[in-house]
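# Notes for the structure review
Now for the letters of each chain:
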Amino acid sequence: EVQLQASGGGLVQAGGSLRLSCAASGFTFDEYSIGWFRQAPGRELEGVSCIMSSDGSTYYKDSVKGRFTISSDYAKNTLYLQMNSLKPEDTAVYYCAADEDPMCNPAGSIGYWGQGTQVTVSS
């Protein structure tokens, strides 16, 4: 069974950092596009960052470019999101996700989801 488990969220002050982790099992990790979505209170689910299985290229939402870094450790079957210079608008529940498609796709097309981990950034 495909399983994804996100962790690492918490409360941090603006300008601080957090590293989210997503432990994966039940599938060939590097053959799936993998990434992170988030949902802020009262807002729609949005893509944050992902790694495409087609060629390993990455995608970042414009608002997080230069601040967030996505990476994966294939040996540990784990996905990470290093979040630096956090802003209050980054406050959201963050979800890791994976899909067999070689490209990163919108949330509605994603096949597998982990549970969310809450990130709260105070002013």
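Look up a bit, the structure's there.
Here we summarise the structure given alongside this text. (Residues numbered from 1 in each chain as written. Predicted model: local features only at pLDDT ≥ 70, side-chain atom pairs only at ≥ 80, totals over all residues. Heavy atoms only, no water.)

So, about the nonpolar core. If you look at the biggest cluster of nonpolar residues, it comprises 30 residues, and the most contacted ones within it are Phe27, Trp36, Phe68, Leu79, Leu81, Met83 and Tyr94. At the level of secondary structure, the elements contributing two or more residues to this core comprise β1 (3-7), β3 (18-25), β4 (33-39), β5 (46-51), β7 (68-73), β8 (78-83), β9 (92-99) and β11 (117-122). Apart from the residues within four sequence positions on either side, Met83 is in contact with Gly16, Ser17, Leu18, Leu20, Arg67, Phe68, Tyr94 and Val119. (Core = buried A, V, L, I, M, F, W, Y, C linked by side-chain atoms within 4.5 Å. Buried < 20%, exposed > 50% of the residue type's maximum accessible area, 1.4 Å probe, protein only. Helix = DSSP H or I, 4+ residues; strand = E, 2+ residues; numbered from the N terminus. Contact = heavy atoms within 4.5 Å.)

The residue Arg43 is located in the loop between β4 and β5 in this model. In this structure, the C-alpha to C-alpha distance between Arg43 and Ala92, residues 49 residues apart in sequence, is 9.3 Å.

Here we have four strands laid out as an open sheet, ordered β1-β3-β8-β7, and antiparallel in their pairing. Across the chains shown, the open sheet's two edge strands, defined by having one partner strand only, are β1 and β7. If you compare each strand with its neighbour and ignore which way they point, the axes differ by 15° on average. Sheet topology note: the β7/β8 ladder contains six bridges and is antiparallel. Along β8, the bridge assignment pairs Ser72 with Leu79. (Pairing = 2+ DSSP bridges. Axes fitted to C-alpha atoms, helices over the stretch in contact; angles between N-to-C directions.)

This is a description of form; function is not addressed.
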